[in-house]
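Examination of the molecular architecture
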Amino acid sequence: MDKFLIYGGEKLFGTVKLDCAKNAILPIMAASIMADDVTLLDVPDYLDIQNMEKILSFLGIKVTRKNKVMHISTIGLNNYFVPITLAKELRSSIFVLGPLLSKLKKAKVAYPGGCEIGLRPIDLHLKGLQELGVKIEESHGYIFCDGSKMKSGVVNLDFQSVGATENIMMASVLLEGKTIIHNPAKEPEIVDLQNFLNSLGAHISGAGTDNIEIIGTSRLGSTTYSPISDRIICGTMLIACAMCGGKIVVENARPEHFFSLINKLQKSGCKINLNNDKITIESKGKLKSVGLIKTLPYPGFPTDLMPQMLAMQTISKGCCVVQENLFETRFKFAQELLKMGAKITIKDRIAFVCGVKNLSGADVFAHDLRGGAALVLAGLCAKGYTTVHNVYHIDRGYNHLENTLSSLGAKIIRQSEE
Ligand code: EPZ
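A quick note: this is a predicted structure, and the numbers were derived from the prediction, not measured.

**Digging into the pairing of strand S17 (residues 278–283)**
Of the pairings in the sheet, the one linking strand S15 (residues 246–251) to S17 comprises five bridges and is antiparallel in character. Among the inter-strand pairings, Val 250 is bridged to a residue of S17, identified as Ile 279. Counted between consecutive antiparallel strands, the loop separating strand S16 (residues 271–275) from S17 contains two residues, among which Asn 276 sits at a positive phi close to 55 degrees.

This is the structure we're talking about:
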């Protein structure tokens, strides 16, 4: 178990080049089950990716990696079972359901794990698969799926669930006929999954809109693909600079993926310059509250940047209402910010934050991935030393965050818990 030791107060200067997105790579790795072989470029070393590799290997699939190039070969696929020991490590383990049903017409998968930010049910995944004719039994923590009678059809999603949309897309690509998904999630990672599957020979259109159409094909071949860059890491770096002050450039970015954040950073007093795939932010570290943050499905303000943005409001002049609409219990990190002198009142899914002049360093504990990142950002601009414990939560979605921040001038080191 590792921790971060941070000495706050340094401004950030320099350039960060984004790797590809955790939440794009994970469904793409699962979708590779349906292909012959796949080469993925710019793949970083997140813990979640290592755990997805373990799942694919357990299924008999060969995954090799050289630097940031990952090669996946499915010729050895000989299993449709994912045990709890592997499934519990990440939310994305549930993404193998659709591809296994497509390829083998059956699956036995344990319930997924993932950040403890809410109940995180999978009812929309299962309901969508049942609407495609999958027979499902749930018992003893396992989901048994029989896809022998699957057929294309129409799936109406009650909520724009990212994972359910991806699972149903993947379950449909090899089904004869046309499948339509109404009310899908519209995140950029969904569009990326569509583009990846189409590069394998699938016929999908409409990702990013209110209806996705999948025309089934008989098989998927091979491809070399570079998933989209990580918009959440990009946002995390921009907010870090806003809080600490300084000037950084984020490269390989897709500004069109988060104008909601860029507008808020400008409103808080930062200068932003957009130049193709480069975003430059300049901040004096003196920020104004943005007043209201409401998380919504894409293109609304992303829930995965709420913790980082809330941390920013703790040192912004004025008060802010933060409404978390996607997950039931995503404010655990805010309790840790109180130890640093933040002024936050929480009631259910609403946090009321009033800015203070300075946070002060403290011993704080990460409880989930993005909440942990928010604690790091708070430590970077707090007075004195901050220790962030349980860094493995952060390693699930950031590749040595301490190195990226140090390269920008932050005083942060990784230590093992004694
Ligand atoms: C994906 O999770 C992301 N994870 C999450 O990022 C992200 O926060 C979330 O989408 C929303 O954008 C990956 O892509 C691996 P959802 P997912 O299904 O698919 C409810 C991070 O930090 N719901 O869109 O699990 C659910 O409880 C992670 O990188 C059901 O009720 O999100 C939640 O309230 C955290 N039934 C809401 O929908 C279901 O069957 C959104 O969930 C599925 C979801």
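**With respect to the layout of surface pockets**
Roughly 1,000 Å³ of internal volume is contained in the largest pocket. Looking at the largest pocket, it is lined by 44 residues, and the ones nearest its centre are Arg 91, Arg 120, Val 162, Gly 163 and Phe 327. Broken down by element, the residue count for the lining of the largest pocket peaks at four residues, all from helix H1 (residues 22–31). Roughly 510 Å³ of internal volume is contained in the second largest pocket. Along the wall of the second largest pocket there are 24 residues; nearest its centre are Gly 285, Lys 286, Ile 315, Lys 357 and Asn 358. For the lining of the second largest pocket, the secondary-structure elements that each account for two or more residues are helix H8 (231–244), strand S20 (316–317) and helix H12 (369–381). Partitioned by chemical class, the residues of the lining of the second largest pocket number eight nonpolar, nine polar and seven charged.

**Quick notes on the sheet that holds strand S14 (residues 222–225)**
Strand order in the open sheet formed by four strands is S4-S5-S3-S14, and the pairing between neighbours is mixed. Pairing within the sheet leaves two strands with one partner each, and these edge strands are strand S4 (62–66) and S14. For this sheet, the mean angle separating the axes of adjacent strands, direction not counted, is 10 degrees. In terms of strand pairing, strand S3 (residues 37–40) meets S14 through four bridges, oriented parallel.

**Focus on the pattern of salt bridges**
According to the stated counting rule, one finds 23 salt bridges in the structure shown. Arg 396 is paired through a salt bridge with Asp 48; the nearest N and O atoms lie 2.8 Å apart. Of this pair, Arg 396 sits in the loop between helix H13 (392–395) and helix H14 (401–406) while Asp 48 sits in helix H2 (residues 47–58), placing them 348 residues apart in sequence. For the pair Arg 396 and Asp 48, one class covers both residues: buried. Glu 256 is paired through a salt bridge with Arg 254; the nearest N and O atoms lie 2.8 Å apart. A relative accessible area of 40% means that Glu 256 is categorised as partly exposed. A network of salt bridges, in which partner residues are shared, links Asp 2, Asp 395, Glu 402 and Arg 414.

**What to know about the packing of helix H4 (residues 97–104) against helix H6 (residues 162–172)**
Between H4 and H6, the least distance of the axes is 7 Å, while the angle of their chain directions is 10 degrees. Overall, the two elements H4 and H6 adopt an arrangement that is roughly parallel. In this structure, H4 uses Leu 97, Gly 98, Pro 99 and Ser 102 to contact H6, whose residues at the interface are Asn 167, Met 170, Ala 171 and Ser 172. For the contact of H4 with H6, a count of residues per class yields four nonpolar, four polar and no charged.

**Looking at the packing of aromatic side chains**
The full count for this structure, using the stated rule, is four aromatic pairs. Pairing Phe 196 with Tyr 225 gives two aromatic rings, centres 5.4 Å apart and planes at 75 degrees, and the pair type is edge-to-face. Here Tyr 225 lies in strand S14 and Phe 196 lies in helix H7 (residues 188–199), a separation of 29 residues in the sequence. Each member of the pair, Phe 196 as well as Tyr 225, is classed as buried.

**A look at the state of the cysteines**
According to the stated counting rule, one finds one disulfide in the structure shown. Here Cys 319 is linked by a disulfide to Cys 354, with a sulfur-sulfur distance of 2.0 Å. Between Cys 319 and Cys 354, the S-S dihedral sits near 110 degrees, and the bridge is therefore right-handed. Of the two residues, Cys 319 is situated in strand S21 (residues 319–323) and Cys 354 in strand S23 (residues 350–354); the sequence distance between them amounts to 35 residues. Looking at the unpaired Cys 20, the closest cysteine sulfur is the one in Cys 234, lying at 14 Å.

**A word on the pairing of S3**
Bridge count between S3 and strand S5 (residues 69–73): four bridges; the pairing is antiparallel. Each residue of the ladder has a partner; that of Thr 39, found in S5, is His 71.

**Here we look at the sheet that holds strand S19 (residues 292–294)**
What the four strands build is an open sheet, ordered S19-S21-S23-S22; its pairing is mixed. The outermost strands of the open sheet, each flanked by one partner alone, are S19 and strand S22 (343–347). Across the sheet, the mean angle from the axis of one strand to that of its neighbour is 15 degrees, orientation sign disregarded. Along the sheet face, helix H10 (residues 306–313) touches S19, S21, S22 and S23 and points at about 30 degrees away from the line of S23.

Rules used throughout
- Residues numbered from 1 in each chain as written.
- Predicted model: local features only at pLDDT ≥ 70, side-chain atom pairs only at ≥ 80, totals over all residues.
- Heavy atoms only, no water.
- Pairing = 2+ DSSP bridges.
- Helix = DSSP H or I, 4+ residues; strand = E, 2+ residues; numbered from the N terminus.
- 1 Å grid on protein atoms, 1.4 Å probe; cavity = no way out; pocket = protein on both sides within 12 Å on 5 of 7 lines; lining within 4 Å.
- Points joined across faces, edges and corners; volume = space filled by probe spheres on them.
- Nonpolar A, V, L, I, M, F, W, Y, C, P; charged D, E, K, R; others polar.
- Axes fitted to C-alpha atoms, helices over the stretch in contact; angles between N-to-C directions.
- Salt bridge = Lys/Arg side-chain N within 4 Å of Asp/Glu carboxyl O.
- Buried < 20%, exposed > 50% of the residue type's maximum accessible area, 1.4 Å probe, protein only.
- Parallel < 35°, antiparallel > 145°, perpendicular 65-115°, else oblique.
- Contact = heavy atoms within 4.5 Å.
- Phe/Tyr/Trp six-rings, centres within 6.5 Å; stacked < 30°, edge-to-face > 60°.
- Disulfide = S-S within 2.5 Å.

Interpretation in functional terms is not warranted from these geometric data alone.
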